[in-house]
Amino acid sequence: MSENLVDSRPVPGTAIAALAVGVLSIAAIPVMVAATLPLGVVALVLGLMSRHTLRRDPTLRGSRISLAGFLLGLSGMILGGAVPLGLIFLWRLFGSGD
C-alpha cells in the first residue's frame, strides 16, 4: 500500500531556468519595462531548448515547466511592449495641451 506517487525523473535545468526567467520578465514590468524584452527572449529560447531536450530524452520530465516558462516569457514581451505604447498613446491623448 505504500506506493511511491512522486515522479523521481529529473527535470532539465533549462526548463527551470525558463520558468524563472519568464517569471522575472513579468515581474520586471512595473519596475523596469526595458528589461522585459531581453528577459522574455531568454525565457523563450530556454523554453524551446528544454522542449527539444525533453523530446529527445524520455527519461526526463518537465514539459509543463518549460511550456510555462515559454508562455510567461512571451507574455512578458507582449505586456512589456504594450505598457510603453499605452503610455505614449495616453500622453498624446491627454498630455500636451498645445
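Let us look at the structure shown here. A quick note: this is a predicted structure, and the numbers were derived from the prediction, not measured. (Residues numbered from 1 in each chain as written. Predicted model: local features only at pLDDT ≥ 70, side-chain atom pairs only at ≥ 80, totals over all residues. Heavy atoms only, no water.)

### Re the overall build of the protein
What the protein contains, in helices and strands, is three helices and zero strands. Ordered by position from the N terminus, the helices and strands of the protein form the series α-α-α. Whereas a compact globule of 98 residues would reach a radius of gyration of roughly 13 Å, the protein reaches 18 Å, over 25% beyond that. Taking the principal axes of the C-alpha coordinates as reference, the protein spans close to 75 × 30 × 15 Å. Counting across all 98 residues of the protein, residues that qualify as buried make up 24%. (Helix = DSSP H or I, 4+ residues; strand = E, 2+ residues; numbered from the N terminus. Rg over C-alpha atoms; globule rule 2.2 N^0.38 Å. Buried < 20%, exposed > 50% of the residue type's maximum accessible area, 1.4 Å probe, protein only.)

### Focus on the pattern of salt bridges
Side chains that carry opposite charge are capable of pairing whenever their charged atoms lie near each other. For the structure on display, the rule yields one salt bridge. With its nearest N and O atoms 2.8 Å apart, the salt bridge here joins D7 to R9. Residue classification places D7 among the partly exposed residues on the basis of a relative accessible area of 33%. The partly exposed category is assigned to R9, whose relative accessible area is 35%. (Salt bridge = Lys/Arg side-chain N within 4 Å of Asp/Glu carboxyl O.)

### Points about the side chain of S50
Here S50 shows up in helix α2 (residues 36-56). Look past the residues within four positions of S50 in its chain and what remains in contact with it is T14, A15 and S66. (Contact = heavy atoms within 4.5 Å.)

### As for α2
Here α2 is 21 residues long and its end C-alpha atoms lie 30 Å apart, about the 30 Å a rise of 1.5 Å per residue gives. Along α2, the residues classified as buried are T36, G40, A43, L44, L46, G47, S50 and L54. On its buried face, α2 is in contact with α1 (13-27) and α3 (63-95). (Expected span 1.5 Å × (residues − 1).)

### Thoughts on a nonpolar patch on the surface
A contiguous nonpolar patch, built from V83, L87, F89, L90, L93 and F94 and spanning about 620 Å² of accessible area, is present on the exposed surface. Position of V83 relative to the elements: it lies in helix α3. (Patch = residues over 30% accessible without salt bridge, like charges linked within 9 Å, V, L, I, M, F, W, Y side chains within 5 Å. Areas by Shrake-Rupley, 256 points an atom, 1.4 Å probe, with all protein chains shown as cover.)

### Here's the deal with the packing of α1 against α2
Pairs of packed helices are described in terms of their axes, by the angle between the two and the distance that separates them. The contact between α1 and α2 brings their axes to 8 Å, and the two run at 160°. Between α1 and α2, the interaxial angle falls into the category roughly antiparallel. Crossing geometry of α1 relative to α2 is assigned as left-handed. Along the contact surface, α1 presents T14, A15, A17, A18, V21, G22, L24 and S25, while α2 presents T36, L39, G40, V42, A43, L46, G47, M49 and S50. A breakdown of the residues in the contact of α1 with α2 according to their chemical character gives 10 nonpolar, seven polar and no charged. (Axes fitted to C-alpha atoms, helices over the stretch in contact; angles between N-to-C directions. Parallel < 35°, antiparallel > 145°, perpendicular 65-115°, else oblique. Left-handed = near helix turned anticlockwise from the far one by under 90°. Nonpolar A, V, L, I, M, F, W, Y, C, P; charged D, E, K, R; others polar.)

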